[in-house]
Amino acid sequence: MHIRSININYDVMRMIRKIKCCCLCVFTMCLTLWLIFTLPLDHINAILPTKSRDLAQHGIRRDDPGRLPPFCDPATNLAFVKVHKAGSSTVATLLQRFGIVHGLNFALPNRPFHDKFYNYITRPGEILTRDSVVPLPPGKQYNILLNHAIYNRTAFRQLMPENTVYLTILREPFQQFVSAFEYYNMASYFSSMVPSVRNASNPISLYLSDPHAFEGESTLFSYIRNKQSEDLGLTRAAYDSPLVLNSSINIIDREFLLVMIVERLDESLLLLKRELCWSVKDILYISKNANTKKAKRSFTPSDHDNHRKLNHPDYALYGHFLKVLENKLDAQSADFFSELKQFQFLLKGVKQACLTTASFYAAESRWHDSFNVTQEDCKLLLMSVTAGLDYLLLRAGRITLQEYQKYRPHKPLWQEKTVHNL
């Protein structure tokens, strides 16, 4: 009888232990879920890698769906390295519009109004300092830097807030070179040095056949040579050494949240929207600085080979970040590409409306609420980078209304309903 009582007590104790274990497991799971959804971002920052930490400071999560979650705060501190002839004007006007509509502070070039390089913060050989930009009132900080400035990590970080998101865009190097050659009218520029270029059927091929006759042998960077690399701060050391070149590219990869590719612009902007926690209206665009009158030229394999030899840093840079972007796109779900189709549908409708002085209504979808694009919105969508810069210089009190109207005789933006919240 005593033994039986002991066995019963043992069974009861074992059952009690099991119940305790189950309760502990349930409590642990509940506590874990509670921490996941309520843990402050400052605590999350301590355990996230650098790029994810930067996003967390804005309330952004990489796995956010296309539609913005209620806890998502848009990123507002941005530095865009504007690469020459790489679709950067289109992206810059988009960022400019975002900053104007949200009343953000811009790092504006501190140069004489409308001189030759007034839209440059720094040029090759210049280092970005606080004297390079228009000063802000005491207690204010810069939110957006988007005009031309040679990238220098230390200098940028001394000017911009700690949680600034770094962005840029690249273009296939040969196409970027051809675009720059035509845009800057290099055939005319070189005609005094190489008279035969005046009557050449293809002055670009002539240049590529003997580039040192046009530019000195010591020239490694120019408006038509490795300009994308130069804009992103690469130096002669990167040109001369594959190890330094690869190291420089890897540093850019670590420091930039997103390097867009102009040949995949719509996909790049949709990634940007999701990364920065922006709305689809924020990333609408109408292309800028597209040269629709450029001559149709044919190029030989030798032209391409010669160009690659001269511009191997640009090719290495572009090849790396094209692969990075492709990997990001490969990792996207079907929802991303469905939203991409919706985004491209919106772009067509908005462009048609803005070019015909109509309005555009976007019905609600699974990725965005309904919204209107008015003619006031269209004025910002159609605005060039320099027109936007002139308005921002006027808003900052850097120029007078008379100086502004000398170059922009239309009504200044601050009188438009579009920027009523400034």
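Residues numbered from 1 in each chain as written. Predicted model: local features only at pLDDT ≥ 70, side-chain atom pairs only at ≥ 80, totals over all residues. Heavy atoms only, no water.

With respect to the overall build of the chain
Keep this limit in mind: Runs of H or I in DSSP of at least four residues are treated as helices and runs of E of at least two as strands, each being numbered from the N terminus. Contacts are residue-level and defined by heavy atoms, with any inter-residue pair within 4.5 Å sufficient. Where accessible areas are quoted, they stem from the Shrake-Rupley method and a 1.4 Å probe; at the residue level, only the protein chains shown are allowed to cover.
Looking only at helices and strands, one finds 18 helices and six strands in the chain. Counting contacts in the chain only where the partners sit at least 6 residues apart, residues at least 24 apart contribute 69% of the total. Within the structure as shown, the chain displays about 22,000 Å² of accessible surface, and the carbon and sulfur contribution to it stands at 56%.

Side note on the packing of helix H6 (residues 173–183) against helix H13 (residues 301–310)
To keep it simple, the criterion reads: Here the axes come from fitting lines to C-alpha atoms, over the contacting stretch only for helices, and the angles between their N-to-C directions go from 0 to 180 degrees. Each angle is binned into one of four classes, with values under 35 degrees roughly parallel, values over 145 roughly antiparallel, values of 65 to 115 roughly perpendicular, and all other values oblique. Side-chain classes are defined by residue name, with Ala, Val, Leu, Ile, Met, Phe, Trp, Tyr, Cys and Pro counting as nonpolar, Asp, Glu, Lys and Arg as charged, and the others, Gly among them, as polar.
Packing of H6 against H13 leaves a shortest axis separation of 10 Å and a crossing angle of 95 degrees. The angle between the axes of H6 and H13 places the two elements in the roughly perpendicular class. From H6, Pro173, Phe174 and Phe177 reach across to H13, where they touch Asp303, His304 and His307. Across the contact of H6 with H13, the residue classes break down as three nonpolar, two polar and one charged.

Quick word on the packing of aromatic side chains
Rules: Aromatic pairs are defined between Phe, Tyr and Trp rings, using the six-membered ring for Trp, whenever the two ring centres lie within 6.5 Å; interplanar angles under 30 degrees are classed as stacked, those over 60 as edge-to-face, and all others as tilted. Only protein chains enter the accessibility calculation, which uses a 1.4 Å probe; a residue whose area is less than 20% of its type maximum is buried, one above 50% is exposed, and one in between is partly exposed.
What the rule picks out here adds up to 22 aromatic pairs. Ring geometry for Phe174 versus Phe299: centroids 5.0 Å apart, planes at 80 degrees, classification edge-to-face. Here the residue Phe174 occupies a position in helix H6, and Phe299 occupies one in the loop between helix H12 (265–276) and H13, the gap between them amounting to 125 residues. Here Phe174 falls in the buried class, since its relative accessible area comes to 1%. For Phe299, a relative accessible area of 23% gives the class partly exposed. Ring centres of Tyr184 and Tyr223 lie 5.0 Å apart, and the angle between their planes is 50 degrees; this geometry places the pair in the tilted category. Within this pair, whereas Tyr184 is found in the loop between H6 and helix H7 (186–190), its partner Tyr223 is found in the loop between helix H8 (203–209) and helix H9 (227–231), the two being separated by 39 residues in sequence. You can call Tyr184 partly exposed: its relative accessible area is 26%. Take Tyr223: its relative accessible area is 23%, and that puts it in the partly exposed class.

Re the state of the cysteines
To keep it simple, the criterion reads: Cysteine sulfur atoms that come within 2.5 Å of each other are treated as a disulfide pair.
The tally for this structure, following the rule as stated, stands at one disulfide. Paired by a disulfide, Cys354 and Cys378 hold their sulfur atoms 2.1 Å apart. Given an S-S torsion of about -80 degrees, the disulfide between Cys354 and Cys378 has left-handed geometry. With Cys354 in helix H15 (residues 334–355) and Cys378 in helix H16 (residues 375–382), this residue pair connects regions lying 24 residues apart in the sequence. Its relative accessible area of 4% is what places Cys354 among the buried residues.

Things to note about the environment of Glu326
Note that Glu326 resides in helix H14 (residues 312–330). For the pair Glu326 and Arg264, spaced 62 residues apart in sequence, the C-alpha to C-alpha distance is 9.4 Å.

A word on the environment of Cys72
On the secondary structure map, Cys72 appears in the loop between helix H3 (50–56) and strand E1 (78–81). A relative accessible area of 10% places Cys72 in the buried class.

Some remarks on the sheet that holds strand E4 (residues 258–261)
To be explicit about the condition: DSSP calls a pair of strands paired once it identifies at least 2 bridges connecting them.
Strand order in the open sheet formed by four strands is E2-E1-E3-E4, and the pairing between neighbours is parallel. Two strands close off the open sheet at either side, each with one partner strand: strand E2 (144–145) and E4. Bridge analysis of E1 against E2 gives two bridges, and the strand direction is parallel. Across the sheet, Leu78 pairs through a bridge with Ile144, a residue of E2. In the packing of helix H4 (residues 88–101) onto the sheet, contacts are made with E1, E2, strand E3 (165–170) and E4, and the angle to E1 comes to roughly 160 degrees. The strands that H14 touches are E3 and E4; relative to E4, the one it contacts most, it runs at about 100 degrees.

Section: the pattern of salt bridges
The test is simple: What makes a salt bridge here is a side-chain nitrogen of Lys or Arg within 4 Å of a carboxyl oxygen of Asp or Glu, nothing more.
Across all of its chains, the model carries 14 salt bridges by this definition. One salt bridge connects Glu126 with Arg111, and the closest N-O pair in it is separated by 2.7 Å. Taken together, the residues Glu126 in the loop between H4 and E2 and Arg111 in the loop between H4 and E2 connect sequence positions 15 residues apart. The class of Glu126 is partly exposed, set by a relative accessible area of 34%. Residue class for Arg111 comes out partly exposed when judged on its relative accessible area of 25%.

With respect to the pairing of E1
Two faces make up the sheet, and in a regular strand the side chains alternate between them. Quick reminder of the rule: Note on handedness: a crossover is taken as right-handed if, strands pointing away from the viewer, the path from the first strand over the helix to the second is clockwise.
Residue alternation in E1 divides its side chains into two sets, Leu78 and Phe80 and Ala79 and Val81, and both sets are buried. Crossover handedness for the path E1 to H4 to E2: right-handed. Across four bridges, E1 lies against E3 in parallel orientation. Within E3, the residue paired with Leu78 across the bridge is Val165.

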